[in-house]
Amino acid sequence: MSVSPFLSLPGAIELPGLNDRGVPSHYGSPNIEQRTLERGQAIVDLSNRAVISITGPDRRSWVHSLASQSVADLAPGVSTEALFLGPQGRLEHAVGIVDDGETLWMLSEPESASALIDWLTRMVFTLRVEVADRTEEYARIGVVGDAIDVEAAAPSGIPLSWDDPWGSVLPGGWQYAGGDHPSADWKWREVLVDRASLSALADRVRSGELRAAGSLAAEALRVAAWRPRQAAEVDEKTIPHELDWLRTAVHLHKGCYRGQETVAKVHNLGRPPRRLVMLHLDGSESVLPEHGATVLAPKGDDEREVGHITTAVMHHELGPVALAVIKRAVPDDLELVVLQGETRIAAAQEIIVPPGAGATAEVPRLPRLGVRTRPGR
């Protein structure tokens, strides 16, 4: 893939070690960029992220049979998202989906796109579908709201724009988080543009016609909305319940798909072993923990490891905050500690997935076999 023209803009900096490589992390003022993006007045270069197309008359019913979301009757131009799970219900791929009437488009993380395409291709069998990587043809541009004029590609006549559904619980979904959800303010949209037009977009920023924000600004707003991302919050053990991803990516009443048994069993009868939490970090050390930093909880006179940081950001209003995945049984009022090298960072929990998530089915408790009950009891 060619170098993004946004990296040649004044002030553009690409920081090492971030999930979004090959695009600007910021342009010199991350906090100002956050505010500008939040107001819907900036664009974000996401041209490193993958675009996959599925064509053919069986495309929607075929994806419906494989994915966690109901897409068989997805109307042209309507956005949704879906997960592809392993046999034990562990999350392998997360994609945004929009169909233009002729092609179903998937927005994928760059690191997982090749494996996803390979797996989908093996699952075609005799169905009338064709899977293709279209990342060299189309690039993704992130915006908040619809105030900015970015011309979307429209190969079938319908502009290719994916409106992130995270702002509300989709039909068939389920929310574990209680109270007011910050996603109500999350108006994220990704526009697919012809990759050849990226230079012209960068020129509009250079001339002052448009403003740009770096990937760090988008990540900060995502964390504030409690929005999970595969490249950050997911590991080899993740099941959707742990990240509250049943809200928008899982339809609990659709037909069979790989991993459905685990989804149903944990939601109805069990509890997810881990839970997503937002941590408000002590900023006195001026240190942000890295992805994977250890989270500790007090245990008597000692401490025990209870989880890890997935994404830490400096938010323009909330200050230093992070998403973390911790063990379900950690009391929700316990103050935690994050280890970043030799630095200890105090962390207060804000509950996203509560310890009591799951076990939604009202199953009567049966007496143990061989135990007699007395009359009247």
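Coordinates for the structure precede this section.
Figured I'd write up the structure that's included with this text.

### What to know about the sheet that holds strand 10 (residues 212-213)
Now for step 1: Strand order in the open sheet formed by 5 strands is 8-9-7-1-10, with mixed pairing between adjacent strands. On the outer flanks of this sheet lie strand 8 (161-163) and strand 10, each paired with one strand and no other.
Now for step 2: Of the strand pairs in this sheet, strand 8 and strand 9 (residues 188-194) are connected by 3 bridges, and their pairing is antiparallel. If you follow Asp 163 over to strand 9, its bridge partner there is Arg 189.

### Quick look at the side chain of Glu 242
Now for step 1: Locating Glu 242 in the fold gives a position in the loop between helix 6 (230-233) and helix 7 (260-268).
Now for step 2: With relative accessibility at 1%, the residue Glu 242 sits in the buried group.
Now for step 3: Among the polar contacts made by the side chain of Glu 242, one reaches the side chain of Arg 274 at a distance of 3.2 Å.
Now for step 4: In this structure Glu 242 touches Lys 237, Pro 272, Pro 273, Arg 274, Arg 275, Leu 276 and Val 353, once residues within four positions along its chain are discounted.

### A few points about the packing of aromatic side chains
Now for step 1: One pass over the full model with this rule turns up 3 aromatic pairs.
Now for step 2: Considering the side-chain rings of Phe 84 and Trp 119, the 5.7 Å spacing of their centres and the 65° angle between planes classify their relative orientation as edge-to-face. Of this pair, Phe 84 sits in strand 3 (residues 79-85) while Trp 119 is found in helix 3 (residues 110-122), placing the two residues 35 residues apart along the sequence. Neither residue differs from the other here; Phe 84 and Trp 119 are each classed as buried.
Now for step 3: Measuring from ring centre to ring centre gives 5.5 Å for Trp 186 and Trp 188, while their planes differ by 15°; the resulting arrangement is stacked.
Now for step 4: On the basis of relative accessible area, Trp 186 is assigned to the buried category, the value being 9%.
Now for step 5: In this structure, Arg 247 packs its charged tip against the face of Trp 166, placed 4.4 Å from the ring centre.

### Regarding the nonpolar core
Now for step 1: Formed by 48 residues in total, the largest nonpolar core has its most connected members in Leu 37, Leu 83, Trp 188 and Trp 245.
Now for step 2: Looking at this core, the elements with two or more residues in it are strand 3, strand 4 (91-99), strand 5 (103-108), strand 7 (138-144), strand 9, helix 5 (215-224), strand 11 (274-281) and strand 14 (319-327).
Now for step 3: The contact partners of Trp 245, leaving out residues within four places of it in the chain, are Glu 81, Leu 83, Leu 91, Ala 94, Trp 166, Arg 227, Pro 228, Arg 229, Gln 230, Val 234, Pro 240 and Val 250.
Now for step 4: Ile 54, Val 63, Leu 104 and Val 129 belong to the second largest nonpolar core, which has 23 residues in total.

### A short note on helix 2 (residues 59-66)
Counting along an α-helix, one turn takes 3.6 residues, and residues three or four places apart therefore face a common direction.
Now for step 1: Listing the buried residues of helix 2 in full gives Arg 59, Trp 62, Val 63, His 64 and Leu 66.
Now for step 2: Looking at the buried side of helix 2, the elements it contacts are strand 2 (50-55), strand 3, strand 4, strand 5, helix 3 and strand 6 (130-133).

### Brief notes about the pairing of strand 7
Now for step 1: Counting buried residues in strand 7 gives 7 out of 7 residues, a clear majority hidden from the surface.
Now for step 2: Both faces of strand 7 are covered, namely the face carrying Tyr 138, Arg 140, Gly 142 and Val 144 and the face carrying Ala 139, Ile 141 and Val 143.
Now for step 3: Bridge count between strand 1 (residues 43-45) and strand 7: 2 bridges; the pairing is antiparallel. When the sheet's bridge partners are listed, Val 44 is paired in strand 7 with Gly 142.

### Things to note about the pattern of salt bridges
Pairs can form between side chains of opposite charge once their charged atoms are near each other.
Now for step 1: Here the structure, examined in full by the defined rule, presents 22 salt bridges.
Now for step 2: Among the salt bridges present, the one from Arg 60 reaches Asp 99, with a minimum N-O distance of 3.4 Å. One end of the pair, Arg 60, is in helix 2; the other, Asp 99, is in strand 4, and 39 residues separate them in sequence.
Now for step 3: Since its relative accessible area comes to 25%, Arg 60 is described here as partly exposed.
Now for step 4: Between Asp 203 and Arg 206 there is a salt bridge, and its shortest N-O distance comes to 2.7 Å. Here Asp 203 pairs with Arg 206, and both are found in helix 4 (residues 198-206), just 3 residues apart, close to one helical turn.
Now for step 5: Each of Asp 20, Arg 49, Glu 109, Arg 140, Glu 190, Glu 219, Arg 222, Arg 229 and Glu 233 takes part in a single network of salt bridges with overlapping partners.

### Side note on the side chain of Asp 100
Now for step 1: You can see Asp 100 is positioned in the loop between strand 4 and strand 5.
Now for step 2: No salt bridge is formed by the buried Asp 100; the nearest opposite charge belongs to Arg 59, separated by 5.5 Å.
Now for step 3: A distance of 2.9 Å separates the side chain of Asp 100 from the backbone nitrogen of Glu 102, its partner in a polar contact.
Now for step 4: At 3.2 Å, the side chain of Asp 100 and the side chain of Trp 105 are in polar contact.
Now for step 5: In this structure Asp 100 touches Pro 76, Trp 105, Pro 155, Ser 156, Ile 158 and Leu 160, once residues within four positions along its chain are discounted.

Rules of the game
Residues numbered from 1 in each chain as written. Predicted model: local features only at pLDDT ≥ 70, side-chain atom pairs only at ≥ 80, totals over all residues. Heavy atoms only, no water. Pairing = 2+ DSSP bridges. Helix = DSSP H or I, 4+ residues; strand = E, 2+ residues; numbered from the N terminus. Buried < 20%, exposed > 50% of the residue type's maximum accessible area, 1.4 Å probe, protein only. Polar contact = N/O pair within 3.5 Å; in protein donor to acceptor, adjacent residues only side chain to side chain. Contact = heavy atoms within 4.5 Å. Phe/Tyr/Trp six-rings, centres within 6.5 Å; stacked < 30°, edge-to-face > 60°. Lys NZ or Arg CZ within 6 Å of the ring centre and 35° of its normal. Core = buried A, V, L, I, M, F, W, Y, C linked by side-chain atoms within 4.5 Å. Salt bridge = Lys/Arg side-chain N within 4 Å of Asp/Glu carboxyl O. Lys, Arg positive; Asp, Glu negative; His and termini not counted.

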